[in-house]
Structures are given as C-alpha cells and as structure tokens.
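Below, each chain spelled out in residue letters.
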Amino acid sequence: MAGRPRTSDDAPQGAAASLLNGLGVLEAFSIEKPVLGVTEIAQKVGLHKSTVSRILTGLAEAGYVQRDEATGRYRLGLGLLALSGPLLADLDVRRAALPYLEELTERTGETSALAVWNGQEAVVVEQVPSPHQVKHTASIGTRYNKFASSSVRVFLAGLAESAVRELVGSGAVLVGAPFDSDAAAAAELVAVEKAGVAVNDGATTPEEFGVSAPVWDYRGRMAGCVTASAPRTRVQGEVADELAAAVMQAAAGVSARLGYGAKRAAEA
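The rules behind each value
Residues numbered from 1 in each chain as written. Predicted model: local features only at pLDDT ≥ 70, side-chain atom pairs only at ≥ 80, totals over all residues. Heavy atoms only, no water. Helix = DSSP H or I, 4+ residues; strand = E, 2+ residues; numbered from the N terminus. Buried < 20%, exposed > 50% of the residue type's maximum accessible area, 1.4 Å probe, protein only. Contact = heavy atoms within 4.5 Å. Areas by Shrake-Rupley, 256 points an atom, 1.4 Å probe, with all protein chains shown as cover. Expected span 1.5 Å × (residues − 1). Axes fitted to C-alpha atoms, helices over the stretch in contact; angles between N-to-C directions. Parallel < 35°, antiparallel > 145°, perpendicular 65-115°, else oblique. Nonpolar A, V, L, I, M, F, W, Y, C, P; charged D, E, K, R; others polar. Pairing = 2+ DSSP bridges. Core = buried A, V, L, I, M, F, W, Y, C linked by side-chain atoms within 4.5 Å. 1 Å grid on protein atoms, 1.4 Å probe; cavity = no way out; pocket = protein on both sides within 12 Å on 5 of 7 lines; lining within 4 Å. Points joined across faces, edges and corners; volume = space filled by probe spheres on them. Left-handed = near helix turned anticlockwise from the far one by under 90°. pLDDT = per-residue confidence, 0-100.

So, about the overall build of the chain. The helix and strand inventory of the chain stands at ten helices and nine strands. The burial tally for the chain puts 38% of its 268 residues in the buried class. Here the contacts in the chain between residues at least 6 apart in sequence split such that 54% fall between residues at least 24 apart. Just so you have it, the chain exposes about 14,800 Å², and 54% of that area is on carbon and sulfur atoms.

In structure tokens:
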C-alpha cells in the first residue's frame with residue numbers, strides 16, 4: 001500500500017497491527033504468483049517467518065488461504081469469494097455493464113472487461129473472455145497501476161492534476177516509456193480526456209493491444225471503464241480503429257443505463 005512511511009508514533013498497535021499484517025499477507029498473492037511459501041511471503045511483507053506462519057495458520061482456519069500438505073505452500077482460499085461476493089453483487093456498474101461486455105465480445109471477438117478505480121489502481125470487476133484460443137484475459141480482481149495501461153490512463157484523465165502528481169510522486173502509479181517525462185504524461189492525459197479513449201499498443205507488454213473508454217454515472221462521475229484486450233498481431237490499422245469505436249460505443253451504452261444521458265438532457 002502506497003503512502004507516507006509510518007513512524008513509531010503512528011504505527012498501528014495490537015489488534016489493528018494484526019489486521020493490517022493479515023491483509024498484507026493476503027495481498028502478497030497475485031495472478032503471477034498464486035502459490036507462495038512462508039519465506040516468500042515474509043520477504044514480500046517484511047515480517048518474520050514465524051509471524052507469517054502464525055498469520056497463515058489463522059487465515060487457513062478461516063478459509064481465506066489453503067495449504068498444500070505435500071509442499072507446505074499456500075494459495076488463496078474460497079473463503080475470499082464469500083467475503084467479496086456482497087461487494088461485487090452490489091456494484092451497480094458491474095450489473096449494468098455485463099450485457100454490453102457480452103455484446104462487445106460477440107461483436108469484436110476479443111476479451112472485454114470492466115474496471116473500477118480504487119484510488120490508486122484500476123481493478124477488474126467483470127470480464128467476458130474472447131472465444132479465440134489465443135487471447136488476452138485478466139481475471140476478476142486483477143489490479144493495474146502502470147500509467148501505460150489504457151484503463152489507468154482513462155481514470156487518471158478524470159482526476160485533478162494535483163491528484164495525478166501525488167499518485168505518480170508516491171509511486172502508487174508507475175510511469176515509464178513512452179510517458180516517462182512530466183510533459184509527456186500530462187499531454188497524454190489531456191489527449192485521452194479529449195478523445196474519450198485510451199489505447200495501449202504494446203506499451204505494457206509487446207504482444208498486447210488494449211483500448212479503454214470511461215463509463216459515467218447519473219451524477220456525471222466516472223464510475224468505471226470498459227476495456228477490450230487482444231493480441232497485437234490481430235489488431236492493426238482499421239481493425240484497431242474499429243475496436244476503439246466498439247469500446248466507446250459499449251461504454252456509452254453502460255453510461256446511458258446508469259442515467260448519464262438523462263443528466264445531460266436535463267442540463268441541455
């Protein structure tokens with residue numbers, strides 16, 4: 001978690017420290033590293049192995065992690081699904097977006113997804129995978145914090161400049177080529193806001209093409225973004241333009257379902 005370093009005066013104590021340590025252990029798991037040993041987790045979270053072992057024992061009893069008896073390594077448990085289920089079910093934007101994601105994937109043949117902003121990252125909350133054997137997918141819960149990601153740039157384009165500077169300065173959002181200067185990053189966000197779409201043409205990984213467009217709610221606030229992802233070899237020239245147009249159309253449809261069009265009509 002990004003933010004200013006804790007001092008001895010403001011470091012959580014007792015139950016609060018135990019809770020944060022437990023959450024830190026859970027956050028050590030990722031799509032890239034779904035199975036971890038005690039030593040690996042201890043190194044990631046900066047805690048002693050004995051402390052991590054005790055935390056994992058408690059989390060395993062609650063069903064939040066599972067231990068492989070043969071290897072002694074851990075993976076996330078099904079108990080987390082029950083914990084996150086009410087939150088996902090209550091996301092109006094997720095329910096509103098699903099039919100449009102299904103239509104987008106049927107129309108383009110590529111993976112479509114919906115992401116929301118958690119204050120520092122774009123988090124995937126819904127996905128409809130491509131029917132192709134070769135495809136790009138992102139599991140629900142995947143988090144993105146690279147500036148080059150199309151979804152991240154869409155969300156940053158909707159924030160105040162001061163908020164963007166704070167996220168970049170703290171390291172919460174990682175900026176690299178081709179946006180590794182303040183001027184280039186600022187110009188890119190202005191362009192994304194004006195165009196209403198962001199494109200990732202191999203900027204995060206050489207083989208991936210991604211395009212994202214914002215979703216607005218009835219208050220005129222950004223509620224999420226629709227993204228389509230595909231292998232770059234399948235998306236070139238006019239196909240890329242058509243995919244971007246399809247994503248913008250899907251995002252507009254979700255926005256309308258959330259009441260954004262009604263708000264604009266009332267203001268006209």
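That shown, we press on.
Glancing now at helix 3 (residues 49-62). Between its first and last C-alpha, helix 3 extends 20 Å over 14 residues, near the 20 Å set by a 1.5 Å rise per residue. Phi for G63, located one or two positions after helix 3, is positive at around 85 degrees.

Relative orientation of the contacting elements helix 6 (residues 150-157) and helix 8 (residues 182-195) amounts to 85 degrees, with a least axis distance of 9 Å. On the basis of their axis angle, the class for helix 6 and helix 8 is roughly perpendicular. Of helix 8, the residues touching helix 6 (which contributes R153, V154, L156 and A157) are E188, L189, V192 and E193. Its residues placed into classes, the contact of helix 6 with helix 8 shows five nonpolar, no polar and three charged.

Attention now goes to the sheet that holds strand 5 (residues 122-128). Read from one edge to the other, the open sheet built from six strands follows the order 6-5-4-9-8-7, with strand pairing classed as antiparallel. Among the strands making up the open sheet, the edge pair consists of strand 6 (143-144) and strand 7 (198-201). Relative to strand 9 (residues 222-231), strand 8 (residues 208-216) is paired through nine bridges, and the arrangement is antiparallel. Directly across from V215, in strand 9, lies its bridge partner G224. Contacting strand 4 (111-117), strand 5, strand 8 and strand 9, helix 5 (residues 92-108) crosses the sheet at an angle of about 155 degrees to strand 4. Along the sheet face, helix 9 (residues 238-257) touches strand 8 and strand 9 and points at about 25 degrees away from the line of strand 8.

Quick look at the nonpolar core now. Ranked by size, the top nonpolar core spans 27 residues in total, and within it V211, V226 and V254 carry the most contacts. Secondary structure elements with two or more residues in this core: helix 5, strand 4, strand 5, strand 8, strand 9 and helix 9. Ranked by the residues each element gives to this core, the list is headed by helix 9, at eight residues. With residues up to four places along the chain from it excluded, the contact list for V226 reads L101, L104, A113, L114, V211, S212, A213, V215, V247, A250, A251 and V254.

Size it by volume and the second largest pocket reaches roughly 390 Å³. Lining the second largest pocket are 20 residues, and of these E161, V164, A185, A186 and L189 lie nearest its centre. For the lining of the second largest pocket, the secondary-structure elements that each account for two or more residues are helix 6, helix 7 (161-170) and helix 8. Looking at which element gives the most residues to the lining of the second largest pocket, the answer is helix 8, with six residues.

Topologically, Q249 is positioned in helix 9. A residue is classified by how much of its surface remains accessible, and Q249, at 48% relative accessible area, is partly exposed.

We now examine the environment of G22. Among the structural elements, G22 can be located in helix 1 (residues 14-27). Spatially, the C-alpha atoms of G22 and L59 are 7.8 Å apart, while their sequence positions differ by 37 residues.

What follows concerns the packing of helix 5 against helix 9. Think of two packed helices as two axes; the pair is described by the angle between the axes and how far apart they sit. Their axes nearest at 9 Å, the elements helix 5 and helix 9 cross at an angle of 155 degrees. Considering the angle they form, helix 5 stands roughly antiparallel to helix 9. Between helix 5 and helix 9 lies a crossing of right-handed hand. Packed against helix 5, whose contacting residues are V93, R95, A96, A97, P99, Y100, L104, R107 and T108, the element helix 9 presents L243, A246, V247, Q249, A250, G253, V254 and R257 at the interface.

A separate point is the confidence of the model for the chain. Considering every residue of the chain, the mean pLDDT works out to 87; 88% of them sit at 70 or more. Overall, residues 1-10 carries pLDDT values under 50, and its contacts beyond four positions in sequence, including any with other chains, amount to eight contacts.

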